[in-house]
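Each chain, written out:
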Amino acid sequence: MAKTYLVRLDENDLGQILDGLEVRAAAWEQTADYHRTGQASPGFLVEECDDADEAAAIARQYRGIMANLVNQREVQS
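Description of the structure in this document. (Residues numbered from 1 in each chain as written. Predicted model: local features only at pLDDT ≥ 70, side-chain atom pairs only at ≥ 80, totals over all residues. Heavy atoms only, no water.)

### Describing helix H2 (residues 52-76)
Note on helix geometry: an α-helix contains 3.6 residues per turn, so any two residues three or four positions apart are oriented the same way. Taking 1.5 Å per residue as the helical rise, H2 with its 25 residues ought to reach 36 Å, and the 36 Å between its terminal C-alpha atoms agrees with that figure. Residues of H2 that are buried make contact with helix H1 (11-37). Regarding H2, its N-cap is Asp51, as a side-chain oxygen of that residue lies 3.2 Å from the backbone nitrogen of Asp53 further along. (Helix = DSSP H or I, 4+ residues; strand = E, 2+ residues; numbered from the N terminus. Expected span 1.5 Å × (residues − 1). Contact = heavy atoms within 4.5 Å. Polar contact = N/O pair within 3.5 Å; in protein donor to acceptor, adjacent residues only side chain to side chain.)

Right, dumping it as structure tokens:
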């Protein structure tokens, strides 16, 4: 089983972390789309991975972290 940590953050810091995770998740989702379609938005940098499935899995991992943090915030509000 993975080790679990208790981290205390103020609301602003948590918001900053969620914003950063959103940016990373979106980048991996766009990378997955690029691998599926061969097209990318102007200025978009494709993340390094093997294929769309790997990129989508990484995006899901970021989204899962975000959901976990949001759920914990809601429980404490």
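### Quick word on a nonpolar patch on the surface
The grouping of Tyr5, Val7, Leu9 and Ile17 at the surface amounts to a nonpolar patch, some 420 Å² of accessible area in total. By the element assignment, Tyr5 lies in the segment before H1. On the accessibility criterion, Tyr5 (62% relative accessible area) is exposed. (Patch = residues over 30% accessible without salt bridge, like charges linked within 9 Å, V, L, I, M, F, W, Y side chains within 5 Å. Areas by Shrake-Rupley, 256 points an atom, 1.4 Å probe, with all protein chains shown as cover. Salt bridge = Lys/Arg side-chain N within 4 Å of Asp/Glu carboxyl O. Buried < 20%, exposed > 50% of the residue type's maximum accessible area, 1.4 Å probe, protein only.)

### Points about the environment of Asp50
Locating Asp50 in the fold gives a position in the loop between H1 and H2. A relative accessible area of 69% means that Asp50 is categorised as exposed. Each C-alpha atom of the pair Asp50 and His35 lies 8.9 Å from the other, and the pair is 15 residues apart in sequence.

### Some remarks on a negative patch on the surface
Together, Glu48, Asp50, Asp51, Asp53 and Glu54 line one region of the surface with negative charge. Mapped onto the elements of the fold, Glu48 is located in the loop between H1 and H2. (Lys, Arg positive; Asp, Glu negative; His and termini not counted. Charge placed at Lys NZ, Arg CZ, Asp CG, Glu CD.)

### Some thoughts on H1
For H1, built from 27 residues, the straight-helix expectation of 39 Å at 1.5 Å per residue is met to within 8% by its first-to-last C-alpha distance of 39 Å. Measuring from the backbone nitrogen of Asn12 back to the side-chain oxygen at the start of H1 gives 3.1 Å, which picks out Asp10 as the cap. Gly38, located one to two residues past H1, shows a positive phi value of around 80°.

### With respect to the pattern of salt bridges
Applying the stated criterion across every chain yields a total of four salt bridges. Measuring nitrogen to oxygen at the nearest pair gives 3.2 Å for the salt bridge that ties Glu47 to Arg24. Pair noted here: Glu47 is in the loop between H1 and H2 and Arg24 is in helix H1, with a separation of 23 residues, a long-range link. Look at the salt bridges and you will find they share partners, linking Glu22, Glu29 and Arg63 into a network.

Coordinates in, geometry out; function isn't part of it.
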